Amino acid sequence: MLSYLANFADYLGPLRLLRFITFRTLLSTITAALIGFAIAPRLIAKLRRLKFGQNYDDDRTGDLARKFDKKNTPTMGGLLIFTAVFGATFLWATPNVWVVVAMFVYAALTAVGFRDDFLKVVRKNREGINSLEKIAWQTLITAVALAVLLWHPLSAQKIRELWVPFNKHPLLIFAGLSGFASLFVLMFLWLVGFSNAINLTDGLDGLAIGCTITVALVYGLMAYAAGNTKLADYLLIGFVPGTGELAVICGALVGAGMAFLWYNSHPAEVFMGDTGSLALGGLIGAIAFMVQQPLTLVIVGGVFVMEAMSVIIQVGYFKFTRRRTGVGQRYFLMAPVHHHFQKLGWPETKVVLRFWILSLMCALIGLGTLKLR
């Protein structure tokens, strides 16, 4: 909202800086980090007093959980990230349809994740929200977001275009009832898929948020490029007016992520929980769609994809071997794959740091696709 102060630059010259997305993105990053550091101690203390700690003493984590003694660490730390991102975005982003839809998806999925965590840690319901209810909420959120994008004149045409890496023209344009249905399915799969992927990655201290920061950095650059006509023409990517403001959100996510990582680094003082992981995955998936780089997210978010695929492979291989031999076998020692490396004897910090390195490599490769067309 403070971007409107640029209209008074004639009275106070420095206010003209607020016209530049790069400057406001920097301010958004700093603001989100400051908000995160300011509220973290009180939020963590409050969660501890309420005993909002995740119970890891179950069959799915077993000895690993006891070894790292995380049973009483408070969860719902995603509230810290959400508050910082929302506050910084409100202050520094110029509202448009892209910003409104991104924050709607983020806020709605934060509410779903909070309900899931609440049922787990307060009501002692290990499963939280049942699968059907969660899918129903995610479907509704996707439908509302897509309906707004298709209705608004700024986004109606651009959201129908499907761009793929290494191609300087849209692969196809969704049109007609079947096209809209296909677009909805694809957007739903991205929001839900990456929500679940980040949720699976959030199993070690600092792992999920560290990888999220690198993805947010890349998509901040992509959003800025897509919203800048000269850069879009130079890179041969689609020009999407207004999406440059999404860089401000990505900057806020980077700042909030750094503040959260300060308290989530090993040994963690707080976990993000489903409150954070479901919402972050949905936000990143939505931004990827809006800047016309959805398939590039598979590359940039390679660590998240790897974690999700390891679970799919583990379950599929177990069912396949049980069907053939009567005894199910595991492909990995434990899934998601970060636990496989723990079982091999890697210290938790080494697993996290090496996955961060992989995430950075994936981010750089993803950025490279912008020019290879």
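In case you missed it, the structure is sitting above this.
Residues numbered from 1 in each chain as written. Predicted model: local features only at pLDDT ≥ 70, side-chain atom pairs only at ≥ 80, totals over all residues. Heavy atoms only, no water.

Colleague: Just give me the short version of the overall build of the protein chain, but keep the residues and values in it.
Modeller: Scanning the protein chain from N- to C-terminus turns up 14 helices and two strands. For 373 residues, the compact-globule formula gives about 21 Å, and the C-alpha radius of gyration of the protein chain, at 21 Å, lands near that figure. Taken along the three principal axes of its C-alpha coordinates, the protein chain extends 70 × 50 × 35 Å. Burial status across the protein chain gives 52% buried among its 373 residues. Of the roughly 17300 Å² that the protein chain leaves accessible, carbon and sulfur atoms contribute 67%. Measuring between centres, the 33 positive side-chain charges of the protein chain sit 3 Å from its 19 negative side-chain charges. (Helix = DSSP H or I, 4+ residues; strand = E, 2+ residues; numbered from the N terminus. Rg over C-alpha atoms; globule rule 2.2 N^0.38 Å. Buried < 20%, exposed > 50% of the residue type's maximum accessible area, 1.4 Å probe, protein only. Areas by Shrake-Rupley, 256 points an atom, 1.4 Å probe, with all protein chains shown as cover. Lys, Arg positive; Asp, Glu negative; His and termini not counted. Charge placed at Lys NZ, Arg CZ, Asp CG, Glu CD.)

Colleague: I'd love a proper account of helix H12 (residues 302–325), names of residues and values included.
Modeller: Between its terminal C-alpha atoms H12 stretches 33 Å, which fits the 34 Å expected from 24 residues at 1.5 Å a residue. Along H12, the positions that sit buried rather than exposed are Gly 302, Val 303, Phe 304, Glu 307, Ala 308, Ser 310, Gln 314 and Thr 321. Turning to H12, the residues buried within the fold contact helix H6 (176–201), helix H7 (207–226), helix H11 (296–300), helix H13 (337–343) and helix H14 (348–368). (Expected span 1.5 Å × (residues − 1). Contact = heavy atoms within 4.5 Å.)

Colleague: Describe the environment of Met 334, naming the residues involved and giving the relevant values.
Modeller: Examined against the element boundaries, Met 334 turns out to sit in the loop between H12 and H13. In this structure, the C-alpha to C-alpha distance between Met 334 and Ile 365, residues 31 residues apart in sequence, is 28 Å.

Colleague: Break down helix H1 (residues 21–49) for me, citing the residues and quoting the values.
Modeller: The α-helix advances 3.6 residues per turn, and as a result positions three or four apart in sequence lie on the same side. Relative to the 42 Å expected for 29 residues at 1.5 Å per residue, H1 spans 41 Å between its end C-alpha atoms, a close match to the ideal helical length. Along H1, the helix axis deviates most sharply at Ala 40, where the bend reaches about 40°; the proline Pro 41 sits within four residues downstream. (Bend = angle between axes of the 7 residues up to and from the residue.)

Colleague: How would you explain the packing of helix H5 (residues 131–151) against H6 if you had to name every residue and give the values?
Modeller: Where H5 meets H6, the axes come as close as 10 Å, and the angle between the chain directions of the two elements is 130°. Considering the angle they form, H5 stands oblique to H6. Note on packing geometry: the crossing formed by H5 with H6 is right-handed. Two secondary-structure elements touch here, H5 through Ile 135, Gln 138, Thr 139, Thr 142, Ala 143, Ala 145, Leu 146, Leu 149 and Leu 150 and H6 through Phe 180, Leu 183, Phe 184, Met 187, Phe 188, Leu 191, Val 192 and Ser 195. Considered class by class, the residues forming the contact of H5 with H6 number 13 nonpolar, four polar and no charged. (Axes fitted to C-alpha atoms, helices over the stretch in contact; angles between N-to-C directions. Parallel < 35°, antiparallel > 145°, perpendicular 65-115°, else oblique. Left-handed = near helix turned anticlockwise from the far one by under 90°. Nonpolar A, V, L, I, M, F, W, Y, C, P; charged D, E, K, R; others polar.)

Colleague: So, the nonpolar core: which residues are in play, and what are the values?
Modeller: Membership of the largest hydrophobic core comes to 101 residues, with the highest contact counts inside it found for Ile 81, Tyr 106, Tyr 219 and Leu 246. Not counting the four nearest positions on each side in its chain, Ile 81 is found in contact with Tyr 106, Ile 209, Leu 253, Ala 256, Phe 260, Met 272 and Leu 280. (Core = buried A, V, L, I, M, F, W, Y, C linked by side-chain atoms within 4.5 Å.)

Colleague: How would you summarise unusual backbone geometry if you had to cite specific residues and measurements?
Modeller: Cis geometry is found at the peptide bond from His 266 to Pro 267, where omega equals -5°. Omega for the peptide link from Ala 335 to Pro 336 comes to 0°, which places this bond in the cis form. Among the structural elements, Pro 336 can be located in the loop between H12 and H13. The phi torsion at Leu 236 lies on the positive side, around 60°, for a residue other than glycine. Turning to its location among the elements, Leu 236 is positioned in the loop between helix H8 (229–235) and helix H9 (246–264). One non-glycine residue with positive phi stands out, namely Gln 292, at about 65°. Locating Gln 292 in the fold gives a position in the loop between helix H10 (273–290) and H11.

Colleague: Account for the pattern of salt bridges, with residues named and values stated.
Modeller: Under the definition given, this model contains five salt bridges. Across the salt bridge formed by Arg 115 and Glu 133, the nearest N and O atoms sit 2.9 Å from each other. On the criterion of sequence distance, the pair formed by Arg 115 in helix H4 (residues 97–121) and Glu 133 in helix H5 is long-range, its members being 18 residues apart. You can call Arg 115 partly exposed: its relative accessible area is 39%. Across the pair Lys 120 and Asp 274 runs a salt bridge whose closest N-O atoms are separated by 2.9 Å. Note that Lys 120 is positioned in helix H4 and Asp 274 in helix H10, a separation of 154 residues in sequence. A relative accessible area of 6% means that Asp 274 is categorised as buried. Several salt bridges converge on common partners, so that one network encompasses Asp 116, Lys 120, Lys 134 and Asp 274. (Salt bridge = Lys/Arg side-chain N within 4 Å of Asp/Glu carboxyl O.)

Colleague: Give me the side chain of Ser 359: which residues, what numbers.
Modeller: Take Ser 359: it is sitting in helix H14. Separated by 2.6 Å, the side chains of Ser 359 and Thr 214 make a polar contact. Leaving out residues up to four positions away in the same chain, Ser 359 has contacts with Cys 211, Thr 214, Val 300 and Val 303. (Polar contact = N/O pair within 3.5 Å; in protein donor to acceptor, adjacent residues only side chain to side chain.)

Colleague: Could you give an account of the side chain of Ser 195, with specific residues and numbers?
Modeller: Examined against the element boundaries, Ser 195 turns out to sit in helix H6. From its side chain, Ser 195 meets the backbone oxygen of Leu 278 in a polar contact 2.8 Å long. Not counting residues within four places of it along the chain, the set of residues in contact with Ser 195 comprises Leu 109, Gln 138, Ser 277, Leu 278, Gly 281 and Gly 282.

Colleague: Tell me about the packing of aromatic side chains, residues and numbers included.
Modeller: Applying the stated criterion across every chain, the model contains 11 aromatic pairs. Ring centres of Phe 341 and Phe 355 lie 6.0 Å apart, and the angle between their planes is 75°; on these two criteria the pair is classed as edge-to-face. Of the two residues, Phe 341 sits in helix H13 while Phe 355 sits in helix H14, which places them 14 residues apart along the sequence. Positioned over the ring face of Trp 346 is Arg 354, at 4.7 Å from the centre of the ring. Seen from the ring of Tyr 234, Lys 371 lies directly overhead, with NZ or CZ sitting 3.9 Å from the centre. (Phe/Tyr/Trp six-rings, centres within 6.5 Å; stacked < 30°, edge-to-face > 60°. Lys NZ or Arg CZ within 6 Å of the ring centre and 35° of its normal.)

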